[in-house]
Amino acid sequence: MTVRFSLRVNNDLDLAALTGLATAAEEAGIDQLWVSNDLMMRSAPALLGALFQKTTRLQLGIGIMNPYSVHPAELAMVASTLQEMSGGRFLLGLGAGSAEFLTWVGIPQEKPLTDTRAALRAIRALVEGARPADVDGAGSGWNRDAYLRLPATKVPIYIGAMSPKMLAFAGAEADGVLALLFPPEHYTTASELVAAGAEQAGRRLSDLDMPACVWLALDEDREKADRALALKLAYYGAAFSPYLLSRAGLVQEDFAPALEALREGDEDAAVRAITPKMLSLGISGDPDAVIQRCRELQRRGATHLSFGPPLGPDPVAAIELLGRRVLPELRRTA
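Just so it is clear, the model here is predicted, and its values are computed rather than measured.

Some details on a nonpolar patch on the surface
Part 1 of the argument: A contiguous nonpolar patch, built from Met40, Trp104 and Val105 and spanning about 330 Å² of accessible area, is present on the exposed surface.
Part 2 of the argument: Look at Val105 and you get partly exposed, because its relative accessible area is 36%.

Structure (C-alpha cells):
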C-alpha cells in the first residue's frame, strides 16, 4: 500500500518562515504542503508563487479559497497560472469558507453547498479550456466570452468539507477532500459519507484523495508537545463545529475556561483547563505516541495522513522529527 503525507500551515506566517517549513518538508519526504487563505492575513496565492521558486518536488496547495470573496473566474485564473508556473505541482482547495470571517467584509454566505458546487464546475471548465456557459450547474451570469485565454490544463480541486452534505458532494465531484477531523477517529464517519456520495455518482472512494486531516504536536518531550496542542485548543476549541465536538463527547462551552485564561494572559492555567478528552481532538506527544494514533487511522483505511498546526513547539524541528522517526515507521506498517 502506498501511503502519502502532507502538512497544513496558516497564512499568518511570513515567507521566510514558510520557506523554512517547505524546505524541511521536502527533506522529510512530505508529499504536499497546504497554505491556508484565511481572510485578512497574507495572500496564499502570492506566497505559493514564491514557494514554487524555492522548492522542486513538493506539491503546494491553497487550503482553502472560497467563491464569495474571490469570483470563480479569478479563482480559475489563479489556479491556471500557478499550475503553469509550477510545472503541474499546484493543488486548489475550494470551500464555502468561514461565514464569520465573511461577515467582516459584509459578504453573506447564503447557499454554501450550492455556491461551492457551482464554483467547482465553473473553475474546472475554465482551466480545462471550456466555457462555464456550457456546463450545467456552473452558476449564472456566464456568457460566451467567459473563457480563459490560457493554455488548457488540469488542476486537482479539493473540497474543504465538514458537514455531511458537503462531504457527500466532495465524494461525487471533487478530486480530493480536506475534512478536518476532530477527533482523528472521525475519519471513519467522514470517509463513509464521502464514499456514499461517490457511489451515488458512479465513483469509488479510491477515485479521489482523502487525507486524514488532523492537528499534530510532536516533540521528543511529550509534555512540551501536549502543551503546544493544548494552547492551540484553548484558543480555537470554542469555535469548533458542535457536530464534530459531539463526536468526542464535548460541547463548545467546555473550552470557555481555557479561552478565558488565555485572554487573561495565563497560559499555564489555559493548559490546565484542557482535559485529556479535549487533548484527544488532535494528536500529540513523542514519536511513539504519534505513531500509535496514526496507526489507528491507517487501520481505519487512511492512506494519506495530513498534519496541521501547531505541528509542535518548534514546527521545523517537528517536521524533521516526522521525517526521521515517524514517517519511515508508518510507511513500513502501511
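Focus: the nonpolar core
Part 1 of the argument: In this structure, Leu7, Phe90, Ile123, Ile159, Val177, Leu305 and Phe307 are the most contacted members of the largest nonpolar core, which totals 79 residues.
Part 2 of the argument: Ranked by residue count, the leading element in this core is helix 14 (residues 315-333), at 7 residues.
Part 3 of the argument: Ranked by size, the runner-up nonpolar core spans 24 residues in total, among them Leu244, Leu245, Met278 and Leu281.

With respect to the packing of aromatic side chains
Part 1 of the argument: The full count for this structure, using the stated rule, is 8 aromatic pairs.
Part 2 of the argument: Pairing Trp215 with Phe240 gives two aromatic rings, centres 5.4 Å apart and planes at 70°, and the pair type is edge-to-face. Placement of Trp215 in strand 7 (residues 212-218) and of Phe240 in the loop between helix 8 (222-236) and helix 9 (242-247) is noted, with a sequence separation of 25 residues between them. Taken individually, Trp215 and Phe240 each receive the classification buried, so the pair is uniform in this respect.

Looking at the environment of Ile159
Part 1 of the argument: Within the element layout of this structure, Ile159 appears in strand 5 (residues 157-160).
Part 2 of the argument: Apart from the residues lying within four places of it in its own chain, the contact partners of Ile159 are Leu94, Thr116, Leu120, Met166, Phe169, Ala170, Ala174, Gly176, Val177 and Leu178.

As for the side chain of Ser306
Part 1 of the argument: Topologically, Ser306 is positioned in strand 9 (residues 304-311).
Part 2 of the argument: For Ser306, a relative accessible area of 0% gives the class buried.
Part 3 of the argument: For Ser306, the side chain forms a polar contact with the side chain of Ser6, separated by 3.1 Å.
Part 4 of the argument: Beyond its immediate chain neighbours, meaning those up to four positions away, Ser306 contacts Ser6, Arg8, Pro211, Ala212, Cys213 and Val214.

Focus: the environment of Glu185
Part 1 of the argument: Topologically, Glu185 is positioned in the loop between strand 6 (176-180) and helix 7 (187-200).
Part 2 of the argument: Using a relative accessible area of 22% as the deciding quantity, one classes Glu185 as partly exposed.
Part 3 of the argument: Counting along the chain gives 39 residues from Glu185 to Lys224, while the straight-line C-alpha distance between them is 23 Å.
Part 4 of the argument: The contact partners of Glu185, leaving out residues within four places of it in the chain, are Arg293, Glu296, Leu297 and Arg300.

Topic: helix 7
Part 1 of the argument: The first and last C-alpha atoms of helix 7 sit 20 Å apart over 14 residues, in line with the 20 Å expected at 1.5 Å per residue.
Part 2 of the argument: Burial in helix 7 covers these residues: Tyr187, Thr189, Ala190, Ser191, Val194, Gly197 and Ala198.
Part 3 of the argument: Against helix 6 (164-173), strand 6, strand 7, helix 9 and helix 13 (287-299) lie the buried residues of helix 7.
Part 4 of the argument: With its phi angle positive at about 80°, Gly202 sits one or two positions after the end of helix 7.

Description of the packing of helix 1 (residues 15-28) against helix 14
To characterise two packed helices, one gives the angle between the axes of the helices and the distance between these axes.
Part 1 of the argument: In the contact formed by helix 1 and helix 14, the axes pass within 9 Å of each other and the chain directions differ by 5°. In terms of orientation, helix 1 lies roughly parallel with respect to helix 14. When helix 1 is examined against helix 14, the residues Gly20, Leu21, Ala24, Ala25 and Ala28 are found in contact with a partner set consisting of Pro315, Val316, Ile319, Gly323 and Leu327.

With respect to the pairing of strand 6
Part 1 of the argument: Among the 5 residues of strand 6, 4 are classified as buried, and the element is accordingly described as predominantly covered.
Part 2 of the argument: Relative to strand 6, strand 5 runs parallel, the two sharing 3 bridges. Among the inter-strand pairings, Ile159 is bridged to a residue of strand 6, identified as Val177.
Part 3 of the argument: In this fold, the crossover linking strand 5 to strand 6 by way of helix 6 has right-handed handedness.

Things to note about the environment of Arg222
Part 1 of the argument: Secondary-structure assignment places Arg222 in helix 8.
Part 2 of the argument: Separated by 67 residues in the primary sequence, Arg222 and Ala289 place their C-alpha atoms 8.4 Å from one another.
Part 3 of the argument: Here Arg222 is in contact with Gly285, Asp286 and Ala289, once residues within four sequence places are set aside.

Each value, and the rule that gives it
- Residues numbered from 1 in each chain as written.
- Predicted model: local features only at pLDDT ≥ 70, side-chain atom pairs only at ≥ 80, totals over all residues.
- Heavy atoms only, no water.
- Patch = residues over 30% accessible without salt bridge, like charges linked within 9 Å, V, L, I, M, F, W, Y side chains within 5 Å.
- Areas by Shrake-Rupley, 256 points an atom, 1.4 Å probe, with all protein chains shown as cover.
- Salt bridge = Lys/Arg side-chain N within 4 Å of Asp/Glu carboxyl O.
- Buried < 20%, exposed > 50% of the residue type's maximum accessible area, 1.4 Å probe, protein only.
- Core = buried A, V, L, I, M, F, W, Y, C linked by side-chain atoms within 4.5 Å.
- Helix = DSSP H or I, 4+ residues; strand = E, 2+ residues; numbered from the N terminus.
- Phe/Tyr/Trp six-rings, centres within 6.5 Å; stacked < 30°, edge-to-face > 60°.
- Contact = heavy atoms within 4.5 Å.
- Polar contact = N/O pair within 3.5 Å; in protein donor to acceptor, adjacent residues only side chain to side chain.
- Expected span 1.5 Å × (residues − 1).
- Axes fitted to C-alpha atoms, helices over the stretch in contact; angles between N-to-C directions.
- Parallel < 35°, antiparallel > 145°, perpendicular 65-115°, else oblique.
- Pairing = 2+ DSSP bridges.
- Right-handed = clockwise from strand over helix to strand, strands pointing away.

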